[in-house]
Every structure is written in C-alpha cells, then in structure tokens.
Protein chains: 2
Amino acid sequence: MPRAVESEQSSQKLEIILRHAAQVFADKGYEGASIRDISRSSRVSLSGLYYYVKSKQEILYLIQLSTFRTILARLQAALRGVRDPSERLRILVHNHLAYFLEHPTEMKVLAHEDDALEGAYRQEVAEIKRKYYGIAVEIFEALQPAGQARGLNSRVAVLSLFGMMNWIHTWHRPQRDPQAEALSEAMSRMFLHGVMNERSPVARRPLPNTRARETRAARIAV
Amino acid sequence: MPRAVESEQSSQKLEIILRHAAQVFADKGYEGASIRDISRSSRVSLSGLYYYVKSKQEILYLIQLSTFRTILARLQAALRGVRDPSERLRILVHNHLAYFLEHPTEMKVLAHEDDALEGAYRQEVAEIKRKYYGIAVEIFEALQPAGQARGLNSRVAVLSLFGMMNWIHTWHRPQRDPQAEALSEAMSRMFLHGVMNERSPVARRPLPNTRARETRAARIAV
DNA sequence: TGATCTTTCGAACGAACGTTCGACCAATTC
DNA sequence: GAATTGGTCGAACGTTCGTTCGAAAGATCA
C-alpha cells in the first residue's frame, strides 16, 4: 500500500528523497535523470521509492512546489511593513538571490525544468509563479507614481530582472563570485540606476544628503 | 559508408536535418528528444540519419556550433568601425536579441542545453562562448576609462546582461511582446541607465544637447 | 551493359527506462 | 500467539532508447 497519512518518520524520509532527487535533477536534468539514479543516491530501493511517491513527475512537482512556496512566503514576510518602492524592490532581489545561493540545487531545478511538468502539476506550480511575478510587477509599477520610473513596459522590465537573477545558476561559483549581500546590492543597483555614472546615484533611503555615495557592499572588486 | 566529403545536395540535406532537430530539441529538450523524433520530423529514416551524422551528441554540437559562429561573426561585423563604448554595447545587445528573435528555436537550444554536450564537443563550443563573452567584457570595461561606469564587478555586470537577454526564451511571445528594435533599446537603456528617473538620461551619442529625451523606440507602451 | 560510388532504409541489437507486483520483515494491537 | 499495519525490496513487465549492419536502390561514367 502507498503511504496514506504520513507519520513523522515517513515524511522525514520523503524529504531525504526529495533532497537527493533535486541534486540528481540539477546534475543531469529531469529527462536525463532516471528513477534509478535517485534510488541509488538516496539509498532507497527502486520499488521502495514508489511507496513515498506516485511517479517521477510527482517528485519534480513536490520539489518545485515546496521550493516556490518557501521563497514566496519568505518574500511576503520580508516585505511586510516596508512601503518605499525602491526598498521593496531591493528586498525582492535580496530574497530571491539569497535563497538561490542557499539552495542552488533546488533553484536550478526550478529555473531549468520549467517546461518539464505537465497537466495539473504544471498548473499548480504556474499559479504560485504568477503570484510571485505579480508581486514583482506591483513593486515595479509603484516606482512610477513617485515620478521615478521611466516609461518602460512593466512586463519587459520585470522579466529582465528575473532573467538577471535566474541566470546565475549557469555561472555563479561560490568561491569566486560575490555572495548574496553584494550580489543583490549590485543587481538592485544595476536595475534601478544602471551601470553608467550619471551624475550621482540616488540614496538608499530619502536622506538629508541626497547625493550620498554608493554603499560599500555595492563596490565589488573587479 | 558514412558521408565523407559532402556534395552540394548532401550538405543541404544535413541542414534540413539540423533545422528539424533544433525544433525537436527546443520542444522536448535534448534528453527528452529521441533520434526517432528527429527522424519522424525530418522525414529521414532512423538509420538514414546516421549517414549524415555520427551520433545524437554530434547533432546538438553542430546546431550549437553553427549558431554560435553565426552570431559571433555578425557581432564582429556590426561592431567594425564603431568606437563609442555605449554604442558598442547597444550593438551587442541588438545583435544578440535580433538573432534570438529571428532564430528562437536554435537560440533556445543554445541557452537551455548548455550542459548537455560532453568532452571535445563541449570544449569547442565553450571556446566560442568564451570569445563572445570576452568581447562583452571588453566593451563593458571600455565604459570605465571614459569615467562613466560605476565600480562594478565586470563579470557580474556582463553575466547579468546575458541573463536578461537569454532569459527571454522563457517568456517572449512574438504577438504580445516588443520586437528586436524596441526590446534591445529597452534592455540597453536598463543596463546603462537603469529603470529609475534620475535627472536625465544621457544622449545616445555626444550631442550639443546632452539632455535629449529618450527615443520613441524606447518608450514602450505599458 | 556493367562497374562504381552515393544515398537510403528495414530489421535487429543490447541496454536502460518508468512502473508494478507480491513476498517479506518488524513493530504494534488484540 | 495470531492478526494487522507500516515500510521495504527483488524480480520482472512492456516499452523505448541510441546505434549498427547489410542489403538495395539510384546516380555516374566506362
């Protein structure tokens, strides 16, 4: 019989399986990875896996769902009480990148296996993704009434930002590249003010001295 | 016997095969696609494919190699004679995005199947990629002596730019989203000057009137 | 017409795939 | 101590995979 209501032990073992599965999917891709790979790496027999999980698709679904739920919940918590649009954007970027660097395997699976799910699984994940995206659009558009944002297509701007952030799974090496703090500061700054040195950057928060120079974290060594 | 020196006809048929293969890889991913899928869609028998091609890996290799070579050659041609760093960056972005939107299937295969190649195939493609990346870094760093670029990690800045651009394969819908001109103008502008409205944008070229407003193409409807 | 070379393909190879089944073991309940 | 329950797994299922092989059909030139 398949697992019906999970005991403490049981759901703990499911988590182990999902953790190893995420690693395997990240290494070989969803299609390139086999259930046997997951069985070997998690030390659960091939048939034993099916006590915890209905199918290979469900494994991917469970990984994506829980990862996305966590990152969304963290974002909502971090945003609570913050009103300034620029600051909210910085929080979004930091939350996204910090989670990315803490859980690189799960996030790679999220970013790279976007098309692999089908049917109801796909739709359920898409729903969370829409919500996450919607928050980003709201934040972006709130930059405008303040008379700050250029006349830019929100969709293009926000998806470009996600592109910057999600692409890091292809290049970021923890030893070599900046960590979450510096990286999110750099990307927020690039997104908000660009790479060029027009006059002076806007200060992080409205300060007496509007011409404050950039923070240390943003000035990454070349 | 496998094809040795290709005749006119023969290499033409190889191109047909590669075009269909790119479509199949783009739809199902490299691992998810089968040689039989490619056989079916290109109307060449399963064994017939192996007259033109040594292996499934070689198919992917040939697609990636020729796509990358073309985009690199076009970039070098478009850059010839242009000295202004900002303008060179705009050319790079436009070249990349224009090719992306003209050949979405090949570019999706390039962006998405980055890890799929192995051994010598992988290295040969990596070499071109390094060259392409190197040009981008050069352009970016040339923004600095002019006293224009912020103290930003080149690697982070350039790879963020590639992230913006390459990510479009996940979201761009030709009917709905801006075309190459408007899109590259928007992304160049975002990268160079950001999304916020600090004072005034810098003019495209050094003009008498440094405070010229943005061009029409950049003001995309929301 | 016959010889040679290029191109095509049906049939089969062994290996690997996702999934299922029924037997089994250990612990808990009566 | 018999029955029940939660967890485990070896063996096998039918299918699909990438690749090979040898025969044969078409083209080219003697």
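Our structure is the block above this text.
Counting from 1, residues in each chain are numbered in the order their sequence is written. Here chains are named by letter from A upward and ligands by number from 1 upward, in the order in which they appear as written. For this predicted model, a pLDDT threshold of at least 70 governs which residues receive local features, and a threshold of 80 or more governs which side-chain atom pairs are given and counted, while totals over whole chains, interfaces and linings are taken from all residues. Derived side-chain values reflect all non-hydrogen atoms in the structure, with water molecules and hydrogen atoms excluded from consideration.

Participant: Please give an account of the overall build of chain A that cites residues and values.
Facilitator: Secondary structure elements are taken from DSSP: a helix is a run of H or I of four residues or more, a strand is a run of E of two residues or more, and numbering for both begins at the N terminus. Helix and strand content of chain A: nine helices and zero strands. In chain A, the order of α-helices and β-strands from amino to carboxyl end is α-α-α-α-α-α-α-α-α. Relative accessibility under 20% of the residue-type maximum defines a buried residue, over 50% an exposed one, and the middle range a partly exposed one, all with a 1.4 Å probe and only protein chains included. Counting all 222 residues of chain A, 54% fall into the buried class. Using a 1.4 Å probe, the Shrake-Rupley method yields the accessible areas, and only the shown protein chains count as cover for residues. Of the roughly 11,100 Å² of accessible surface on chain A, a fraction of 50% belongs to carbon and sulfur atoms.

Participant: An account of the side chain of N166 of chain A is requested, with residue identities and associated values reported.
Facilitator: Tracing the backbone through its elements, the reader meets N166 of chain A in helix α8 (residues 154–166). Taking the relative accessible area as the measure of exposure, N166 of chain A reaches 10% and is therefore buried. Here, residues are in contact when the closest pair of their heavy atoms is within 4.5 Å. Those residues in contact with N166 of chain A that sit more than four places away from it in its chain are H96, F100 and A111 of chain A together with W167 of chain B.

Participant: Pulling in residues and values, what's your account of the protein's contact with DNA strand D?
Facilitator: Around DNA strand D, 18 residues are found, and the nearest of them are K13, S47, Y51 and Y52 of chain A together with R36 of chain B. In this text, near means that some heavy atom of the residue lies within 4 Å of the molecule or strand in question. A share of 50% is what sugar and phosphate atoms reach among the atoms of DNA strand D within 4 Å of the protein. One nitrogen or oxygen atom from the main chain of A33 of chain B is found 3.3 Å from a phosphate oxygen belonging to DNA strand D. Within the residue set of the surface near DNA strand D, elements represented by two or more residues are α1 (8–28) and α3 (46–52) of chain A together with α2 (35–42) and α3 (46–52) of chain B. Broken down by element, the surface near DNA strand D gets its largest block of residues, four residues, from α3 of chain A. In protein, a polar contact requires one atom able to donate a hydrogen and another able to accept it; more generally it is a pair of N or O atoms within 3.5 Å, and residues adjacent in sequence count only if both atoms are side-chain atoms.

Participant: Help me get a handle on the protein's contact with DNA strand C, residues and values and all.
Facilitator: What surrounds DNA strand C is a group of 19 residues, the closest being Y50 of chain A together with K13, S47, Y51 and Y52 of chain B. Y52 of chain B places a polar side-chain atom, nitrogen or oxygen, 2.4 Å from a phosphate oxygen of DNA strand C. Secondary-structure elements contributing two or more residues to the surface near DNA strand C are α2 (35–42) and α3 of chain A together with α1 (8–28) and α3 of chain B.

Participant: Please provide a residue-by-residue account of helix α9 (residues 180–193) of chain A, values included.
Facilitator: The span you would expect from a helix comes to 1.5 Å times its residue count less one. The end-to-end C-alpha distance of α9 of chain A is 19 Å, a good match for the 20 Å that 14 residues give at a rise of 1.5 Å each. Most of α9 of chain A sits inside the fold, with 13 of its 14 residues counted as buried.

Participant: Outline the side chain of K56 of chain A, supporting the account with residue identities and numerical values.
Facilitator: Residue and element names in this part refer to chain A. Position of K56 relative to the elements: it lies in helix α4 (residues 56–79). Only four residue types enter the charge count, namely Lys and Arg as positive and Asp and Glu as negative; His and the chain termini do not. For this document, the term salt bridge refers to a Lys or Arg side-chain nitrogen within 4 Å of an Asp or Glu carboxyl oxygen. Of the side chains with opposite charge, E31 lies nearest to the buried K56, which makes no salt bridge, at 4.8 Å. When residues no more than four places from it in sequence are discounted, the contact partners of K56 are F25, Y30, E31, A33 and I35.

Participant: Quick rundown of unusual backbone geometry? Include the residues and the values.
Facilitator: One non-glycine residue, R43 of chain A, adopts positive backbone phi at about 60 degrees. With respect to the helices and strands, the residue R43 of chain A is situated in the loop between α2 and α3.

Participant: Can you lay out helix α6 (residues 104–112) of chain B for me, pointing to particular residues and giving the numbers?
Facilitator: In terms of burial, α6 of chain B is largely enclosed, as seven of its nine residues are buried. Residues of α6 of chain B that are buried include every one of T105, E106, M107, K108, V109, L110 and A111 of chain B, and no others.

Participant: Which residues make up the environment of K56 of chain B, and what values go with them?
Facilitator: With a relative accessible area of 18%, K56 of chain B lands in the buried category. Side-chain polar atoms of K56 of chain B contact the backbone oxygen of Y30 of chain B, separated by 2.8 Å.

Participant: Run through the packing of aromatic side chains, naming residues and quoting values.
Facilitator: Residues and elements named next belong to chain A. What counts as a ring pair is set by centres within 6.5 Å for rings of Phe, Tyr and Trp (its six-membered ring), and what kind of pair is set by the plane angle: stacked under 30 degrees, edge-to-face over 60, tilted for all other angles. One pass over the structure, following the stated rule, counts twelve aromatic pairs over all chains. On the basis of an interplanar angle of 70 degrees and a centroid distance of 5.8 Å, the ring pair of F68 and Y132 is categorised as edge-to-face. Residue F68 is located in helix α4, and its partner Y132 is located in helix α7 (residues 119–142); the two are separated by 64 residues in the primary sequence. Residue F68 shares its accessibility class with Y132, and that shared class is buried. Among the aromatic residues, ring-to-ring pairing joins F68, Y132 and F162 into one connected group. In our convention, an over-ring charge means Lys NZ or Arg CZ found within 6 Å of a ring centre and within 35 degrees of that ring's normal. The ring of Y30 is capped by K56, whose NZ or CZ atom sits 4.5 Å from the centre of that ring.

Participant: Can you explain the pattern of salt bridges? Please cite residues and give values.
Facilitator: As enumerated under the stated definition, the model contains 18 salt bridges over all chains in all. Across the pair E185 of chain A and R189 of chain A runs a salt bridge, and its minimum N-O distance is 3.9 Å. Linking E185 of chain A with R189 of chain A, this pair stays in helix α9, spanning four residues, or about one helical turn. An identical accessibility class is assigned to E185 of chain A and R189 of chain A; each is buried. The residue R74 of chain B makes a salt bridge to E102 of chain B at a minimum N-O spacing of 3.4 Å. Placement of R74 of chain B in helix α4 (residues 56–79) and of E102 of chain B in helix α5 (residues 85–102) is noted, with a sequence separation of 28 residues between them. Here the residues in one salt-bridge network are K28, D37 and R40 of chain A, joined through shared partners.

Everything listed here is a matter of geometry and, on its own, says nothing about what the molecule does.
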